[in-house]
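Residues per chain, in single letters:
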Amino acid sequence: MKKISYRKRIASLAFGLFGAVFLVFAYVYHNKTNIITIQSGEDKFTQSEIASIRQDTASAETFTAWTEQKNQTVHATINERSSNADILLLCGDSHSVLPWGKNLPESDTEGCILGASLAEQLFGGTEVEGQQILYNGRELTVRGIVKEPQNIMLCQSAANDETASETQTGSNGNQQTGSSENNQQEICYDKISLLYTD
């Protein structure tokens, strides 16, 4: 009986220690990552406002202006399946918006991140990194999957992509843009997210 009692006590202490370590880790992680999101008023943020806010918040780890377009159609090029999803168009790193999973950096204008449910609808599974997505005339490569939100796609807006939105100056001196719906002149952001790490 004494041996059983001793073993139970050791197991109880080990379990309690594990729980304490887990709580400390969770507390430290929570306090190391802080995200602040600024919502615009009735009007969208102008490019000058975004530039000013970026300058004023230079201490942030990442800065991302973004907007959400709901119920947009996306296609998988490998099997021509299509599905509707909520699209987060970014101007900045995706970790400012979703701090878990793979980060989609601001420089990656040809990549995207999919929600798990959307990946299953399009490809029949979630092991789909490297697959191609067609959205609004752009071909994007899947860089990663997030479990939550389920039915979502994150990508850099075409405003970040010089090849998707070439700006030319006409003979009258006015700027002319390509026919892409997501060109630099038309993208408007209504949220700015800042990620700080302690």
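A few points on the structure. (Residues numbered from 1 in each chain as written. Predicted model: local features only at pLDDT ≥ 70, side-chain atom pairs only at ≥ 80, totals over all residues. Heavy atoms only, no water.)

1. Topic: the pattern of salt bridges
Two side chains bearing opposite charge may form a pair once their charged atoms approach each other closely.
Then comes step 1: One pass over the structure, following the stated rule, counts seven salt bridges.
Then comes step 2: Linking lysine 70 and glutamate 68 is a salt bridge whose minimum nitrogen-to-oxygen distance equals 3.3 Å.
Then comes step 3: Lysine 70 sits in the exposed class, given a relative accessible area of 55%.
Then comes step 4: Using a relative accessible area of 30% as the deciding quantity, one classes glutamate 68 as partly exposed.
Then comes step 5: Note that lysine 70 and aspartate 86 form a salt bridge whose closest N and O atoms lie 3.8 Å from each other. Residue lysine 70 is found in strand E2 (residues 62-76), and its partner aspartate 86 is found in strand E3 (residues 82-91); the two are separated by 16 residues along the sequence.
Then comes step 6: Taking relative accessible area as the criterion, aspartate 86 reaches 22% and is therefore assigned partly exposed. (Salt bridge = Lys/Arg side-chain N within 4 Å of Asp/Glu carboxyl O. Buried < 20%, exposed > 50% of the residue type's maximum accessible area, 1.4 Å probe, protein only. Helix = DSSP H or I, 4+ residues; strand = E, 2+ residues; numbered from the N terminus.)

2. Regarding the nonpolar core
Then comes step 1: Core analysis: the biggest nonpolar cluster contains 30 residues, and Leu114, Ile133 and Met153 have the highest contact counts within it.
Then comes step 2: Of all hydrophobic cores here, the second largest spans ten residues; its members include Leu90, Val97, Ile152 and Leu154. (Core = buried A, V, L, I, M, F, W, Y, C linked by side-chain atoms within 4.5 Å.)

3. Re the pairing of strand E10 (residues 191-197)
Then comes step 1: Of all seven residues that make up E10, five are buried, and the element is covered over most of its length.
Then comes step 2: Sheet topology note: the strand E1 (residues 33-39)/E10 ladder contains seven bridges and is antiparallel. Its bridge partner lying in E10, isoleucine 36 is registered against leucine 194.
Then comes step 3: Of the strand pairs in this sheet, E2 and E10 are connected by five bridges, and their pairing is antiparallel. From the neighbouring strand, tryptophan 66 faces E10, where its bridge partner is lysine 191. (Pairing = 2+ DSSP bridges.)

4. Here we look at helix H3 (residues 116-123)
Then comes step 1: Three or more residues of H3 are buried, namely Ala116, Leu118, Ala119, Leu122 and Phe123. Projection of H3 onto a plane perpendicular to its axis shows the buried side chains occupying an angular sector of 160 degrees, all on one side. (Arc of directions from axis to C-beta.)

5. Some details on the side chain of threonine 62
Then comes step 1: With respect to the element layout, threonine 62 can be found in strand E2.
Then comes step 2: Here serine 96 takes part through its side chain, which lies 2.3 Å from a polar atom of the side chain of threonine 62.
Then comes step 3: When near neighbours in sequence (up to four residues on either side) are disregarded, threonine 62 contacts Asp93, Ser96, Ser193, Leu194 and Leu195. (Polar contact = N/O pair within 3.5 Å; in protein donor to acceptor, adjacent residues only side chain to side chain. Contact = heavy atoms within 4.5 Å.)

6. A look at the packing of aromatic side chains
Then comes step 1: For the structure shown, the criterion picks out zero aromatic pairs.
Then comes step 2: Over the aromatic face of tryptophan 66 sits the side chain of lysine 191, whose NZ or CZ is 4.9 Å from the ring centroid. (Phe/Tyr/Trp six-rings, centres within 6.5 Å; stacked < 30°, edge-to-face > 60°. Lys NZ or Arg CZ within 6 Å of the ring centre and 35° of its normal.)

7. Here we look at unusual backbone geometry
Then comes step 1: Put simply, glutamate 148 and proline 149 share a cis peptide bond, and its omega is -10 degrees.
Then comes step 2: Structurally, proline 149 is set in the loop between strand E6 (138-146) and strand E7 (152-156).
Then comes step 3: For glutamate 80, which is not a glycine, the phi torsion comes out positive at approximately 65 degrees.
Then comes step 4: For glutamate 80, a relative accessible area of 71% gives the class exposed.
Then comes step 5: Notably, asparagine 136 is not glycine yet its phi reads approximately 55 degrees, a positive angle.
Then comes step 6: Relative to the elements of secondary structure, asparagine 136 occurs in the loop between strand E5 (132-135) and E6.
Then comes step 7: On the basis of relative accessible area, asparagine 136 is assigned to the partly exposed category, the value being 28%.

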